[in-house]
Amino acid sequence: MEVTCLLLLALIPFHCRGQGVYAPAQAQIVHAGQACVVKEDNISERVYTIREGDTLVLQCLVTGHPRPQVRWTKTAGSASDKFQETSVFNETLRIERIARTQGGRYYCKAENGVGVPAIKSIRVDVQYLDEPMLTVHQTVSDVRGNFYQEKTVFLRCTVNSNPPARFIWKRGSDTLSHSQDNGVDIYEPLYTQGETKVLKLKNLRPQDYASYTCQVSVRNVCGIPDKAVTFRLTNTTAPPALKLSVNETLVVNPGENVTVQCLLTGGDPLPQLQWSHGPGPLPLGALAQGGTLSIPSVQARDSGYYNCTATNNVGNPAKKTVNLLVRSMKNATFQITPDVIKESENIQLGQDLKLSCHVDAVPQEKVTYQWFKNGKPARMSKRLLVTRNDPELPAVTSSLELIDLHFSDYGTYLCVASFPGAPVPDLSVEVNISSETVPPTISVPKGRAVVTVREGSPAELQCEVRGKPRPPVLWSRVDKEAALLPSGLPLEETSDGKLRLERVSRDMSGTYRCQTARYNGFNVRPREAQVQLNVQFPPEVEPGSQDVRQALGRPVLLRCSLLRGSPQRIASAVWRFKGQLLPPPPAVPGAAEAPDHSELRLDTVTRESSGSYECSVSNDVGSAACLFQVSAKAYSPEFYFDTPNPTRSHKLSKNYSYVLQWTQREPEAVDPVLNYRLSVRQLNQHNALVKAIPVRRVEKGQLLEYILTDLRVPHSYEVRLTPYTTFGAGDMASRIIHYTEPISSPNLSDNTCHFEDEKICYYMFIETSRPRELGDRARLVSPLYNASAKFYCVSFFYHMYGKHIGSLNLLVRSRNKGALDTHAWSLSGNKGNVWQQAHVPINPSGPFQIIFEGVRGSGYLGDIAIDDVTLKKGECPRKQMDPNKGAGQKVGGCLCQGRCCWCLSWGSQWRGYGVHVLVAVE
């Protein structure tokens, strides 16, 4: 039956009203989640308070046409205007199980391309209360004047919370305070992390040995319960103490099983023991059980500091550290240093020469070195010296110095590094000294100074090193903005002088430096050279895709531009229409030899010439395409979402109607819109009603309206709207309309209030909770009205007489999105003992209320009264009506007629202030 009713849907005649309804975005943030409270603080800032772990839901309610797009961003504080990279493009921001670190200022930015974007913000305050931590400290001082020792105990309670926590100290079940016990002192120390309160027990007494409880509270804010921690203080309470079963430095061989015991020597309550490793976690396979740490088959990578920590919340934690050193050696290197005094870089007879040998070892200082010449141990003499720890070389380096080099000193020297008595293999390095031993030179092979490759291909940069011996080559980047190599390292060593790069990218382009190392060769100034890497990549063009609209019979120019590429030029450009190759466009006179764009001109747009055009641009490395969709079809309609109270219900038939409004996007871009095709379908149903709606010339910004009737309560419907021109169907727009209970409103015939009425038609707000004083306010608030016209006129009579008269204000409360009060009219001071009339024009943007506000002056001599309030559609009259009503009489500052009086008064006889309605006045 519902489908049948839908097919009988009535579409009442189309009409349009208004011009230029395009409006900039406006935004308002409302909450819909588990907020504890949303308040305004002392600087008129909106603060949203929520408990940690609850769900945060913020909605950005927007108005404006076209419909604004919404983006949520966040900053840590209110002073920063730098948005984080992470954004949420949705009108609703939802955060499940919010954490304290997610508190801060959230921004809702709404923009629709009209005017400036609207930005609103709200500060989210995440409330939490952690478990408190209680620690005990004690001091013993010798008071020599009285010859006794004074023992003082400090119980320190620390907690992290928001808002700041309140602390309560208890001994047993009794609350402690300064005034009740002079043996205790409670204070807040300086320079502590978190919130801390200290309970000081002065000159410890027998009754001070008891159980102490620190209770923390945030006063049940957000429903967070209080938390507490208890400590039992006895005469045996003591901090932890430790000792180790091994020395603080433990040297072992690789493959051994290591066991270290951490023994408690004191502490009450019984301390807890924990092992840790630095840097990084405990090794895989390591077992920490109580105070015993076991590491099976230890390896060199397991070296480091192992910490045993004991805690019992009394005093400071006890800590013992074992420095575990697993014997190892690696990276044997040598250096040849010519005579430094003579600043020579070559080996020359008669000059001094130094050979150095170094290994990276653990422990470094336990390494021993032996020197051999031509396979035999080198014999020390006046001209042959062996030194250790040369200040100009790395620590624990062995050097063999040859004084006044002779021809007989030429030969092969061998340096052997070892750990005596340890099962660690020796490392050795060999150095040959002869007349052919010369410093290195470095150069780039011919034709390799510039390397050009395509993106995604491998590349090889090469530098040639000559000399004997040939040292390693170190590669780095010259570009300051790209200091790291593709490997992520600032420096990379190669033994053959070749830097190999896999799958190069365009950001790898630049200058690379190769230089000789100062180890495994001569210890002299490094030699260097440079190689340029050029990475070629396909072109990038704009537009990638473009929708081109034009009226039938008009010309169109399509342009495809080169943004970037390597090489940066267009080698060829090919145009296609619907996949078919087009003739090359004619050359443009005076165009550059290497153009950066290609153009195609269509003399007229027709149905036959409408379709997809592609421009394929190549730079000999690759190609890219610009896509153009050319047509004369109309753009999509833009639904208007700010229609005030669009739903109108019909209770008797259980149906409702809906005011559908829209504008046409860029109507001048193509041929005029002739009609719209409207399709209405109830959700979850298949059948839809289709209707053609003819229109006259549609202008940009013109608001079009159509009323859908006989929609079934409470069902929702999908509405599709398609514009038609002489070209045919344009782009379709769709939206879902939902049934919402319409805002009830009095008839305009009832929108007149005066003292002749039998009923009082204004809602009365009375505030009498505190003594009347300067600035106190009283308000009369009207019913809620629908905005069915653009302009309204509020007319009323007022009476303001007395030397203490304050102010009478007229405000308009907009209910379109939330509640917003704006001042429309105001008058202050004594206006004489006479009735006067006011006409106030208003133009509400949605459902609204009228508010009369009286503000008390400096004293009680002054009454304000109003009468004959009228609300009418249209503009206000230019001439004021006769203020002499002649129908009423003033009684004690009130206007009365018959048995009814209305007053706004602060006279002493009223015993308060506010709105007063007197009935049956004699």
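The name an unreviewed UniProt entry assigns to the protein chain is MAM domain-containing glycosylphosphatidylinositol anchor protein 1, from the organism Moschus moschiferus. Reading the Subcellular location (unreviewed entry) entry of the UniProt record for the protein chain gives the comment "Cell membrane". Listed under Subunit (unreviewed entry) in UniProt, the entry text for the protein chain is "Interacts heterophilically through its MAM domain with proteins in axon-rich regions and through its Ig-like domains with proteins in differentiating muscle. Interacts (through the Ig-like domains) with NLGN2."

A. Quick peek at the overall build of the protein chain. Check the secondary structure of the protein chain and you find one helix and 73 strands. Looking at the protein chain residue by residue over its 922 residues, the buried ones come to 43%. For the protein chain, the proportion of contacts with a sequence separation of at least 24, taken over those separated by at least 6, is 69%. Taken as a whole, the protein chain presents about 48,800 Å² of accessible surface, with 49% of it coming from carbon and sulfur.

B. Main features of the state of the cysteines. Counted according to the given criterion, the structure contains seven disulfides. Two residues share a disulfide in this structure: Cys157 and Cys214, whose sulfurs sit 2.0 Å from each other. On the S-S bond that ties Cys157 to Cys214, the torsion sits near -85°, and the link is left-handed. Residue Cys157 is found in strand β11 (residues 148-159), and its partner Cys214 is found in strand β17 (residues 211-217); the two are separated by 57 residues along the sequence. As far as the burial class goes, Cys157 and Cys214 line up, both buried. Here Cys560 is linked by a disulfide to Cys626, with a sulfur-sulfur distance of 2.1 Å. Handedness here is read from the sign of the S-S torsion; for Cys560 and Cys626, about 70°, the answer is right-handed. Of this pair, Cys560 sits in strand β46 (residues 556-566) while Cys626 sits in strand β51 (residues 623-631); the two residues are 66 residues apart in sequence, bridging distant segments of the chain. No difference in accessibility class separates Cys560 from Cys626, as the two residues are buried.

C. Fine view of the nonpolar core. Counting 30 residues, the largest nonpolar core has Ile336, Leu355 and Ile433 as the members making the most contacts within it. Residues in contact with Ile336, not counting those within four places in the same chain, are Ile347, Leu353, Lys354, Leu355, Val431, Ile433, Thr437, Pro469, Gly521, Phe522 and Asn523. Counting 26 residues, the second largest nonpolar core, distinct from the first, contains Val136, Val159, Leu176 and Cys214.

D. Structural context of the sheet that holds strand β32 (residues 398-402). The strand order across the open sheet formed by five strands is β31-β32-β28-β27-β43, and the pairing between neighbours is mixed. Each end of this open sheet is capped by a strand with a single partner; those strands are β31 (384-388) and β43 (521-522). Where β31 lies against β32, five bridges are found, and the strand directions are antiparallel. Among the inter-strand pairings, Leu385 is bridged to a residue of β32, identified as Glu401.

E. Quick peek at the pairing of strand β28 (residues 353-362). Burial analysis of β28 places eight of its ten residues in the buried class, which makes it a mostly covered element. Inspection of the sheet shows strand β27 (residues 328-338) paired to β28 by nine bridges, in the antiparallel sense. What sits directly across from Thr337, in β28, is Lys354.

F. Region of the structure containing the packing of aromatic side chains. Overall, the coordinates contain eleven aromatic pairs when judged by the stated rule. Taking 5.8 Å as the distance between ring centres and 25° as the angle between the ring planes, the aromatic pair formed by Trp575 and Phe628 counts as stacked. Highlighted residues: Trp575 in strand β47 (residues 572-577) and Phe628 in strand β51, separated in sequence by 53 residues. Since its relative accessible area comes to 1%, Trp575 is described here as buried. A connected cluster of aromatic rings, assembled from ring pairs, spans Phe796, Tyr798, Trp825 and Phe852.

G. Looking closely at the sheet that holds strand β29 (residues 368-373). Here four strands make up an open sheet; going across it, the order is β30-β29-β33-β34 and the pairing antiparallel. In this open sheet, the two edge strands, each paired with only one partner strand, are β30 (376-377) and β34 (427-433). Pairing geometry for β29 and β30, over two bridges, is antiparallel. Each residue of the ladder has a partner; that of Phe372, found in β30, is Pro377.

H. Expanded view of the pattern of salt bridges. The full count for this structure, using the stated rule, is 31 salt bridges. Note that Glu460 is salt-bridged to Arg500, the shortest N-O span being 3.6 Å. In this pair, Glu460 is assigned in strand β37 (residues 459-462) and Arg500 in strand β41 (residues 498-501), connecting sequence segments 40 residues apart. Note that Arg466 and Glu464 form a salt bridge whose closest N and O atoms lie 3.4 Å from each other. On the accessibility criterion, Arg466 (48% relative accessible area) is partly exposed. One connected set of salt bridges, linked through shared partners, spans Arg171, Asp181, Arg205 and Asp208.

I. Region of the structure containing the environment of Phe577. In this fold, Phe577 is placed in strand β47. For the pair Phe577 and Cys615, spaced 38 residues apart in the sequence, the C-alpha separation amounts to 9.1 Å. Setting aside anything within four residues of it in sequence, one finds Phe577 in contact with Leu582, Glu608, Ser609, Ser610, Gly611, Ser612 and Tyr613.

J. Main features of the confidence of the model for the protein chain. Confidence along the protein chain averages 84 in pLDDT terms, with 84% of residues attaining 70 or more. Between residues 1-19, whose pLDDT stays under 50, and residues either more than four places distant or in other chains, the model counts 57 contacts. A low-confidence stretch, residues 142-148 stays under pLDDT 50, and its non-local contacts, those more than four residues away or across chains, total five contacts.

K. Main features of unusual backbone geometry. With omega at 5°, the peptide bond leading from His65 into Pro66 counts as cis. Along the chain, the position of Pro66 falls in the loop between β5 (56-65) and β6 (69-75). Here Asn162 and Pro163 are connected by a cis peptide whose omega angle stands at 5°. Checked against the element boundaries, Pro163 lands in the loop between β12 (161-162) and β13 (166-171). Even without being glycine, Asp620 reaches a positive phi, approximately 75°. Note that Asp620 resides in the loop between β50 (611-618) and β51.

L. Looking closely at the side chain of Asp731. With respect to the secondary-structure elements, Asp731 resides in the loop between β59 (728-729) and β60 (733-737). A polar atom in the side chain of Asp731 sits 2.4 Å from the side chain of Arg549. For Asp731, the side chain forms a polar contact with the side chain of Lys633, separated by 3.2 Å. With near-sequence residues (within four places) excluded, Asp731 lies in contact with Arg549, Lys633, Ala634, Tyr635, Ser636, Pro637, Leu721, Thr722 and Pro723.

M. Structural context of the environment of Val840. Topologically, Val840 is positioned in strand β67 (residues 836-842). The exposure class assigned to Val840 is buried, which follows from its relative accessible area of 1%. In this structure, the C-alpha to C-alpha distance between Val840 and Leu810, residues 30 residues apart in sequence, is 8.6 Å. Contact partners of Val840, with chain neighbours within four places excluded, come to Tyr792, Cys793, Val794, Phe796, Leu810, Ala824, Trp825 and Cys876.

Definitions and cut-offs
- Residues numbered from 1 in each chain as written.
- Predicted model: local features only at pLDDT ≥ 70, side-chain atom pairs only at ≥ 80, totals over all residues.
- Heavy atoms only, no water.
- UniProt positions renumbered as here; feature names shortened; annotations may be inferred.
- Helix = DSSP H or I, 4+ residues; strand = E, 2+ residues; numbered from the N terminus.
- Buried < 20%, exposed > 50% of the residue type's maximum accessible area, 1.4 Å probe, protein only.
- Contact = heavy atoms within 4.5 Å.
- Areas by Shrake-Rupley, 256 points an atom, 1.4 Å probe, with all protein chains shown as cover.
- Disulfide = S-S within 2.5 Å.
- Core = buried A, V, L, I, M, F, W, Y, C linked by side-chain atoms within 4.5 Å.
- Pairing = 2+ DSSP bridges.
- Phe/Tyr/Trp six-rings, centres within 6.5 Å; stacked < 30°, edge-to-face > 60°.
- Salt bridge = Lys/Arg side-chain N within 4 Å of Asp/Glu carboxyl O.
- pLDDT = per-residue confidence, 0-100.
- Polar contact = N/O pair within 3.5 Å; in protein donor to acceptor, adjacent residues only side chain to side chain.

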